[in-house]
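Here is what each chain is made of, one letter per residue.
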Number of protein chains: 2
Amino acid sequence: MSAVRESFESVAVSTRMRLARNFADYPFPGRLLQDAHAEEQAQEIVRLIAAALAGVDEFTLYEMKNVSPERTALLLERNLISRDLVRNRRISAALISSDEIISVMLNEEDHVREQYFMHGFDLPRAYERITGLDDAISESVPFAFDEQFGYLTACPTNLGTGLRASVMLFLPAVSRRGVMTRTIVPELLRLGLTARGAYGEGSGAEGDLFQVSNEVTLGVSEEQILSIVGKAVDSIVQMELLERCRMKAEGGIALRDKLCRAYGVLTNCRLLEEHEFLRRLADLRLGLALGYFTDGEEGDEWMNELDELAVAMRPANINRLNGAPLEAQEQNAYRAEYVRTAICAMKLSAD
Amino acid sequence: MSAVRESFESVAVSTRMRLARNFADYPFPGRLLQDAHAEEQAQEIVRLIAAALAGVDEFTLYEMKNVSPERTALLLERNLISRDLVRNRRISAALISSDEIISVMLNEEDHVREQYFMHGFDLPRAYERITGLDDAISESVPFAFDEQFGYLTACPTNLGTGLRASVMLFLPAVSRRGVMTRTIVPELLRLGLTARGAYGEGSGAEGDLFQVSNEVTLGVSEEQILSIVGKAVDSIVQMELLERCRMKAEGGIALRDKLCRAYGVLTNCRLLEEHEFLRRLADLRLGLALGYFTDGEEGDEWMNELDELAVAMRPANINRLNGAPLEAQEQNAYRAEYVRTAICAMKLSAD
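The model shown is predicted, which means the values in this text are computed figures rather than measured ones.

The next subject is the relation of the copies chain B and chain A. A rotation about some axis, followed by a shift along it, carries one copy of the chain onto the other. With an RMSD of 0.0 Å, the fit of chain B onto chain A corresponds to turning through 180 degrees and sliding 0.0 Å along the axis. Both chain copies can therefore be described as sitting about a two-fold axis. For chain B, the smallest separation between a C-alpha atom and the rotation axis is recorded for B:G264, amounting to 2.1 Å.

Moving on: the interface of chain B and chain A. Counting residues at the interface gives 20 residues for chain B, matched by 19 residues for chain A. Between chain B and chain A, roughly 1,500 Å² of surface is buried when both sides are summed, and carbon and sulfur atoms account for 58% of that area. Among the residues of chain B in contact with chain A, B:R261, B:N268 and B:R270 are the three that bury the most area, contributing 41% of the side total. There are two salt bridges connecting chain B and chain A. The salt bridge involving A:R261 is made with B:E276; its shortest N-O contact spans 2.8 Å.

All names here are of chain B. Packing of helix α8 (residues 222-266) against helix α9 (residues 274-289) brings their axes to within 8 Å, and their N-to-C directions diverge by 130 degrees. Taken together, the axes of α8 and α9 are oblique relative to one another. Seen from above, α8 lies across α9 with left-handed handedness. Mapping the contact onto sequence places R244, M247, K258, L259, A262, Y263, V265 and L266 in α8 and E276, F277, R280, L281, D283, L284, L286, G287 and A289 in α9.

Another point: helix α3 (residues 69-77) of chain B. Residues and elements named next belong to chain B. Here α3 has its buried residues at T72, L74, L75, L76 and E77. Looking at the packing, one finds that the buried side of α3 touches β2 (59-63), α4 (83-87), β3 (93-97), α10 (301-312) and α11 (315-322). Count one or two residues on from α3 and you reach N79, which has phi positive near 60 degrees.

On to the domain arrangement of chain A. Residues and elements named next belong to chain A. Taken as a whole, chain A is organised into domain 1 (23-143) and domain 2 (248-350). One C-alpha centre belongs to domain 1, the other to domain 2; they are set 33 Å apart. Counting residues at the interface gives eight residues for domain 1 and nine residues for domain 2. Roughly 800 Å² is buried in total at the junction of domain 1 and domain 2, and carbon and sulfur atoms are behind 48% of that figure.

All names here are of chain A. Most of strand β8 (residues 163-170) is tucked away, with eight of its eight residues classed as buried. Two strands pair when backbone bridges link them, and strand β1 (residues 12-21) and β8 are joined in this way by seven bridges, in the antiparallel orientation. Directly across from L19, in β8, lies its bridge partner L163. By the bridge criterion, five bridges tie β8 to strand β10 (residues 209-214) in an arrangement that is antiparallel. Of the residues in β10, the one forming a bridge with L169 is F210.

Definitions and limits used
- Residues numbered from 1 in each chain as written.
- Chains lettered and ligands numbered in written order.
- Predicted model: local features only at pLDDT ≥ 70, side-chain atom pairs only at ≥ 80, totals over all residues.
- Heavy atoms only, no water.
- Least-squares fit on C-alpha atoms with pLDDT ≥ 70 in both.
- Contact = heavy atoms within 4.5 Å.
- Buried area = accessible area lost by both parts, 1.4 Å probe.
- Salt bridge = Lys/Arg side-chain N within 4 Å of Asp/Glu carboxyl O.
- Axes fitted to C-alpha atoms, helices over the stretch in contact; angles between N-to-C directions.
- Helix = DSSP H or I, 4+ residues; strand = E, 2+ residues; numbered from the N terminus.
- Parallel < 35°, antiparallel > 145°, perpendicular 65-115°, else oblique.
- Left-handed = near helix turned anticlockwise from the far one by under 90°.
- Buried < 20%, exposed > 50% of the residue type's maximum accessible area, 1.4 Å probe, protein only.
- Domains from an automatic or database assignment.
- Pairing = 2+ DSSP bridges.

What follows is the structure in structure tokens.
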């Protein structure tokens, strides 16, 4: 039987880096919203940032008030915009790169929220990219900066560096074995970090996915944030890998049965509701991580493939793939068909 | 999509014919058992029948008192002996042909119970075989026969012809749609017939299998019994085929999902408890009957294959296949492995 995979890539799914920035000469978006005559100022912010980004990459501008509900849901599901941005839709906008790796939200909680996304775990690279973007914008835009406090933000929790470094972790073993709530979450809090469910604040950890990120942005340097988050992730990954070995040893055939059945259902069902999909997908991922199935490759490319599949199978994404909106049951049928085809195409073999 | 299969073979699984006979000069087995000195008489019956059968076919003699509990369980599961035969084990025996098609039980409720089994539905052929056997035995053995009553039996319900004609029917549609209890069972009773669950009297209809047979043996000729049972089976088969079409039309994708998931579980699980196996197997059979899967063949040979698989996966049969007794959990693992291999080998494809 194949051994438990011991790679970082079988745990750390993706890295996300965010910077909060504001213009020195404009009221924060919350104030802009309250003032009926401030729309011009809000538009000016959008115009300035769009101009600053013109030379950096290919960006699409979404002025939220003009974006259809379907498109809005799609962008939310793809983590390219936030619920706050939608709430501010009268004045808010997003600039999204064609490869969907960079998203710059405008007039969200702050004037500017720069985001960078990448598969895998690489804080230095993600930080290098986001600062490259930030430098390019800063050349033409004077951000509000205070010698004592650092970057000024609408909410004090983002004051200082304005940096949030997040890593998405697949943690079936520590989560299912209780180590997550018992040990990891308290330790993260002590370090000024949090672990959120994958689908944003308030969501449970559906699919055994957790987003670990820093809460504190003030009084620490960017380097310190990266170091704290990086070390925490290192440590959580080691704990997860250890617990996976224990889980496999203790779980025996009953665990194997559960995970193999998930594969059987995903490759044969004709209706697949989203929650069941996420649960079975987590079981399939765990099966791959534990070496119960293999795609015959050395690496853990399956992690990215399955991550993209999870995003593609969210409701608004399904509607886009289908080219027209579907009823709930039709969605479940579409999801079943798509997932079956995708997972069969991975040519997994049971070990 | 493939059409619903409309063959008899997709409904009628097997035919079983039984004759009850007694020696004129010996007390019935119930009396023999009560008399400590009657063992010699019981042995004489066994000896006489064994001798009569010597020229007919290759038979193995099982004197039940010498048969191990494991072997006894195995024979019970294969429907080659009855619980009554086991109860009478002090004096009872069975002669079983090497192909397991003929079983002659001795000193069960009657001195002699001749049984013939065949795949598919063919009452005339089964009757021809059982009477051929009966003629061969009768040549050397004088059976108790009364001009008025016919063959004499220990229990009045078997008096007369001593003939029970049984057909095993796979009835998922009429059973799941309530037609079985609402219409078919009362009609069978009216005709002097019964429908039992596949696993003998008292068992529920596990696996959607029902054994239809005559209850009355007195006052009707063998030909009448065959005719009544045959017509009832014809009629039930037509109702089942009709209900399958309705079921497919009304069940839509939810039904297809359920049946395809059964295939997914059977071909991927690593633990399979017997009741779940029978439930999923019935779903798989139904899927084949409805044309959701196909084995690429014109005929319905899969019906026999799956029927043999069901018998092979009963607990004592698993122990024999394994060569040594297994604990419950080990049985479930063995069953999962065996079923997975068997069903994968059928190379079914989803339509």
